[in-house]
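# Summary of the model geometry
Below are the chains, spelled out letter by letter.
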Amino acid sequence: MYKPQRNFWLLVILMLVGALVGDALGAVLIPFLPALKPFASVGLAPATLDLHFARLTFGFTLTLGPLTALGLLLGYLLYRKL
């Protein structure tokens, strides 16, 4: 039986939306449930390249909390169901 190939970008979008919703929900609930605070932060510290006529800053940080992780997981599970 033919199974259509899944789209990688759909997975990225679903997981990104799940993480955003989980993070927003966590931010709202942290005053009531302090256990929902982020527990991990990984990334690259900002680095600046100054060329005198242009300045570029590179950096990336991922802060992971329980509801963010749950949102990522739900985005992945939704992708698997499609």
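Below, the structure is looked at part by part. Note that the structure is predicted; figures quoted are calculated from it, not measured.

## Considerations on the overall build of the protein
Along its length, the protein carries 2 helices and 2 strands. Taken from N to C terminus, the helices and strands of the protein fall in the order α-β-β-α. Computed over C-alpha atoms, the radius of gyration of the protein comes to 17 Å, more than 25% over the 12 Å expected from 2.2 N^0.38 for 82 residues, which places it beyond the range of a compact globule. By principal-axis analysis of the C-alpha atoms, the protein measures approximately 60 × 45 × 15 Å. Taking all 82 residues of the protein together, the buried fraction comes to 16%. The contacts in the protein between residues at least 6 apart in sequence include a share of 54% that link residues at least 24 apart.

## Quick word on the pairing of strand β2 (residues 55-64)
Among the 10 residues that make up β2, 0 are buried, leaving the element largely open to the surroundings. Across 9 bridges, the pairing between strand β1 (residues 40-50) and β2 is antiparallel. Paired with Leu49 across the bridge in β2 is Leu56. Counting the residues between successive antiparallel strands, the hairpin from β1 to β2 contains 4 residues, one of them, His52, with a positive phi of roughly 70 degrees.

## Focus: helix α2 (residues 66-81)
An α-helical turn contains 3.6 residues, so a residue and the one three or four places further along point in the same direction. With 16 residues, α2 should cover 22 Å at 1.5 Å per step; its first-to-last C-alpha distance of 23 Å lies within 8% of that length. Listed as buried for α2 are Leu67, Thr68, Gly71, Gly75 and Tyr79. The buried residues of α2 all sit within an arc of 125 degrees when viewed along its axis, so they share a single face. Buried residues along α2 sit in contact with α1 (8-29) and β2.

## Let's talk about the pattern of salt bridges
Scanning all chains against the criterion turns up 1 salt bridge. With a closest N to O distance of 3.6 Å, Asp50 and Arg55 form a salt bridge. When its relative accessible area of 40% is taken as the criterion, Asp50 is described as partly exposed.

## Side note on the layout of surface pockets
Volume-wise, the largest pocket comes out at about 270 Å³. The set of elements that each furnish at least two residues to the lining of the largest pocket consists of α1, β2 and α2. By residue class, the composition of the lining of the largest pocket is 9 nonpolar, 2 polar and 1 charged. Its volume calculated, the second largest pocket comes out at about 160 Å³. For the lining of the second largest pocket, the elements supplying multiple residues, two or more each, are α1 and α2. Its residues assigned to classes, the lining of the second largest pocket comprises 8 nonpolar, 4 polar and no charged.

Calculation rules
Residues numbered from 1 in each chain as written. Predicted model: local features only at pLDDT ≥ 70, side-chain atom pairs only at ≥ 80, totals over all residues. Heavy atoms only, no water. Helix = DSSP H or I, 4+ residues; strand = E, 2+ residues; numbered from the N terminus. Rg over C-alpha atoms; globule rule 2.2 N^0.38 Å. Buried < 20%, exposed > 50% of the residue type's maximum accessible area, 1.4 Å probe, protein only. Contact = heavy atoms within 4.5 Å. Pairing = 2+ DSSP bridges. Expected span 1.5 Å × (residues − 1). Arc of directions from axis to C-beta. Salt bridge = Lys/Arg side-chain N within 4 Å of Asp/Glu carboxyl O. 1 Å grid on protein atoms, 1.4 Å probe; cavity = no way out; pocket = protein on both sides within 12 Å on 5 of 7 lines; lining within 4 Å. Points joined across faces, edges and corners; volume = space filled by probe spheres on them. Nonpolar A, V, L, I, M, F, W, Y, C, P; charged D, E, K, R; others polar.

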